[in-house]
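# A look at the structure
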Amino acid sequence: MNAPARRPARRAAARSTATATLSMTLALVLATVTGCAGGTGAGTGTGSGPGTSTGDKAAVSSLTVLDYYTDTPEHQQWEEVLTSCGKAAGVGIEHTSVPPASLVPRVLRQASSRTLPDLLMLDNPDLQQIASTGALAPLDEFGVDTRGVTEGILSAGTYDGKVYGLAPYVSTVALFYNKDMLAEAGVAVPRTWDELRTAAARLTRPGRYGMAVDANPTFEGTWQFLPFLWSNGGDETKLDTPEAAGALRLWTDLVRSGSMSKSVLTWDQGDVHDQFAAGRTAMMLNGPWRIPALDELDEFDKDGKDRKDGKDGKLKWGVAPVPVPRAGQRPVTPLGGEVWTVPRSDSPARQRKAAEVLGCLNDSSHSLALATQHHTVPSRTAVAARYAERNPSMSVFVDSVGDARVRTARLGVRWPKAATGIYTAIQSALAGRQTPEEALEDAQRIATDE
């Protein structure tokens, strides 16, 4: 699949197996970091390698950078941007990428041993957990420019009232639909839940479902469910509510009616895309990173042969906001995106240089270039508005980001337990083992279990 980059929700699924390790390690790291002599936190960058210095005794010639962009094209793209920003700051860049599931455990080990990199990327739901250890420096210490970034996006990098991370771009989800299939069925693009039920039913036929979501038992399944939970007034702080049950009932109704495959219980977002691309579902919930693959896809000409009827074989797709419970509402969707941070160090000079590179990555020109490259949304409002004008297919995502919420906004470091409760409830209800109400009662117990 020709997606330009894996997105946070995909990575969240891979990272969910590391959640227990993170919880067990967090207290140890907190004690280690805050107990270090001098109270300077995580230490001296890598402690070895070119450009390392103790305190400010030597000039900073290079910085170490850690992220999870392991895909070769993606790693190379970031290498070029980091090198460019490093050059502007007068330093070389030593860039390391590790698999998504390995990043947080590695960061916790490095925080404990005081060997954190100079510049660190984190998926935004992980920011609060790492910042709570004292391993990161607030960005206001270095005068990093956050003007023009909405409060919602800033909250992705905020812990205890301080901004520790900044995202050059963000993402969310929306409803993709096959224009030809909707036109053939005489169906309008659904805007409400009732319209979604009706449209999905009318679009369903042998070999094709009306709607597809990712409902797998990972944080990715939770990510896709959140627009329905939040838009209906549900809240992750209390899952056993009528509002949450109503959102889950929408999904169970779609499966029970045959409008959505029961296989969604095992599909990730890539699988959902594949079903849509193959014409096996007329609508899907997904993110903007799927757009390049959709643009290149020829719906009919998969074997390289010309269509016999001579018609244009390009997949004609559109994108619309996630349907809401009632007409006139705006959807509340989850905010995805990675934030860049400056770990604490014995060397103020290294921290200042790292902050310069972070500021460069997040300036208007780099934010726009990165968002264009990765089919995401620039974090600065004015830049995003210009971007939407040039890229109409991104306008729905730009608009949705304005109301999007960070997953850790309400629960902070307790978010992973709630996320686990949510995807467990989805699995049980869609499989028919429990009613939505029963499943969410169990979800609440999982979320609050100490």
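Whatever comes next refers back to the structure up there.
Here goes a summary of the coordinates provided. (Residues numbered from 1 in each chain as written. Predicted model: local features only at pLDDT ≥ 70, side-chain atom pairs only at ≥ 80, totals over all residues. Heavy atoms only, no water.)

Now for the overall build of the protein. From N to C terminus, the protein includes 18 helices and 13 strands. The proportion of buried residues among the 450 residues of the protein is 59%. Across the protein, contacts joining residues at least 24 apart in sequence account for 77% of those joining residues at least 6 apart. As displayed, the protein offers around 17,300 Å² of accessible surface, 51% of which is attributable to carbon and sulfur atoms. (Helix = DSSP H or I, 4+ residues; strand = E, 2+ residues; numbered from the N terminus. Buried < 20%, exposed > 50% of the residue type's maximum accessible area, 1.4 Å probe, protein only. Contact = heavy atoms within 4.5 Å. Areas by Shrake-Rupley, 256 points an atom, 1.4 Å probe, with all protein chains shown as cover.)

For any two aromatic rings, the description comes down to two numbers: the centre-to-centre distance and the angle of the planes. Across all of its chains, the model carries eleven aromatic pairs by this definition. With 6.3 Å between their ring centres and 45 degrees between their planes, Trp 78 and Tyr 169 make a pair best called tilted. Placement of Trp 78 in helix H3 (residues 72-89) and of Tyr 169 in strand S7 (residues 169-170) is noted, with a sequence separation of 91 residues between them. For the pair Trp 78 and Tyr 169, a shared accessibility class is recorded, and that class is buried. Where Phe 219 meets Tyr 423, the ring centres are 6.1 Å apart and the plane angle is 50 degrees; that geometry is what we call tilted. Taken together, the positions of Phe 219 in helix H9 (residues 219-231) and Tyr 423 in helix H17 (residues 415-430) put the pair 204 residues apart, joining distant regions of the chain. Note on Phe 219: relative accessible area 8%, which makes it buried. Tyr 423 sits in the buried class, given a relative accessible area of 13%. Three or more aromatic residues link up through ring pairs in this structure, and these residues are Tyr 68, Tyr 69, Trp 78, Tyr 169 and Trp 340. Sitting above the plane of the Trp 230 ring, Arg 405 keeps its charged end 4.0 Å from the centroid. (Phe/Tyr/Trp six-rings, centres within 6.5 Å; stacked < 30°, edge-to-face > 60°. Lys NZ or Arg CZ within 6 Å of the ring centre and 35° of its normal.)

If you walk across this open sheet you meet the four strands as S9-S10-S8-S11, and the pairing is mixed. Each end of this open sheet is capped by a strand with a single partner; those strands are strand S9 (209-212) and strand S11 (317-320). Going from strand to strand, the sheet's axes swing by 20 degrees on average, the running direction of each strand aside. As judged from the four bridges shared by strand S8 (residues 174-178) and strand S10 (residues 281-286), these two strands associate in the antiparallel manner. Paired with Leu 175 across the bridge in S10 is Leu 285. Running over the sheet, helix H8 (residues 193-203) touches S9 and S10 and is turned about 140 degrees from S10. (Pairing = 2+ DSSP bridges. Axes fitted to C-alpha atoms, helices over the stretch in contact; angles between N-to-C directions.)

This part takes up the nonpolar core. Grouped together as the largest cluster of nonpolar side chains are 136 residues, with contacts concentrated most on Met 211, Trp 251, Met 283 and Trp 340. The greatest single-element share of this core, amounting to nine residues, is contributed by H17. Apart from the residues lying within four places of it in its own chain, the contact partners of Trp 251 are Val 213, Asp 214, Ala 215, Gly 221, Gln 224, Phe 225, Phe 228, Met 260, Ile 426 and Leu 430. (Core = buried A, V, L, I, M, F, W, Y, C linked by side-chain atoms within 4.5 Å.)

Moving on: the sheet that holds strand S12 (residues 338-341). If you walk across this open sheet you meet the five strands as S2-S1-S3-S12-S6, and the pairing is mixed. Each of the sheet's edge strands pairs with one partner strand only, and the pair in question is strand S2 (92-97) and strand S6 (165-166). As paired elements, strand S3 (residues 119-123) and S12 share four bridges and run antiparallel to each other. Along S12, the bridge assignment pairs Met 121 with Trp 340.

Glancing now at the environment of Gly 336. When you line up the elements, Gly 336 lands in the loop between S11 and S12. For the pair Gly 336 and Ser 171, spaced 165 residues apart in sequence, the C-alpha to C-alpha distance is 4.8 Å.

Considering all chains together, one arrives at 17 salt bridges under this definition. Between Arg 114 and Asp 346 there is a salt bridge; the shortest N-O distance is 3.2 Å. Linking Arg 114 in the loop between helix H4 (100-113) and S3 with Asp 346 in the loop between S12 and helix H13 (348-361), this pair joins segments that are 232 residues apart in sequence. Residue Asp 346 is classed as partly exposed on the basis of its relative accessible area of 26%. Linking Asp 253 and Arg 197 is a salt bridge whose minimum nitrogen-to-oxygen distance equals 3.3 Å. Residue Asp 253 is found in helix H10 (residues 242-256), and its partner Arg 197 is found in helix H8; the two are separated by 56 residues along the sequence. Residue class for Asp 253 comes out partly exposed when judged on its relative accessible area of 24%. (Salt bridge = Lys/Arg side-chain N within 4 Å of Asp/Glu carboxyl O.)

Moving on, we get to the pairing of S2. The alternating pattern of S2 places Ile 93, His 95 and Ser 97 on a buried face, while none of Gly 92, Glu 94 and Thr 96, on the opposite face, is buried. In this structure, strand S1 (residues 62-67) lies alongside S2, joined through six bridges in parallel fashion. Note on S2: the bridge partner recorded for Val 65 is His 95. Remark: the S1/H3/S2 crossover connection has right-handed handedness. (Right-handed = clockwise from strand over helix to strand, strands pointing away.)

From the geometry alone we can't say anything about function, so treat these as descriptive.
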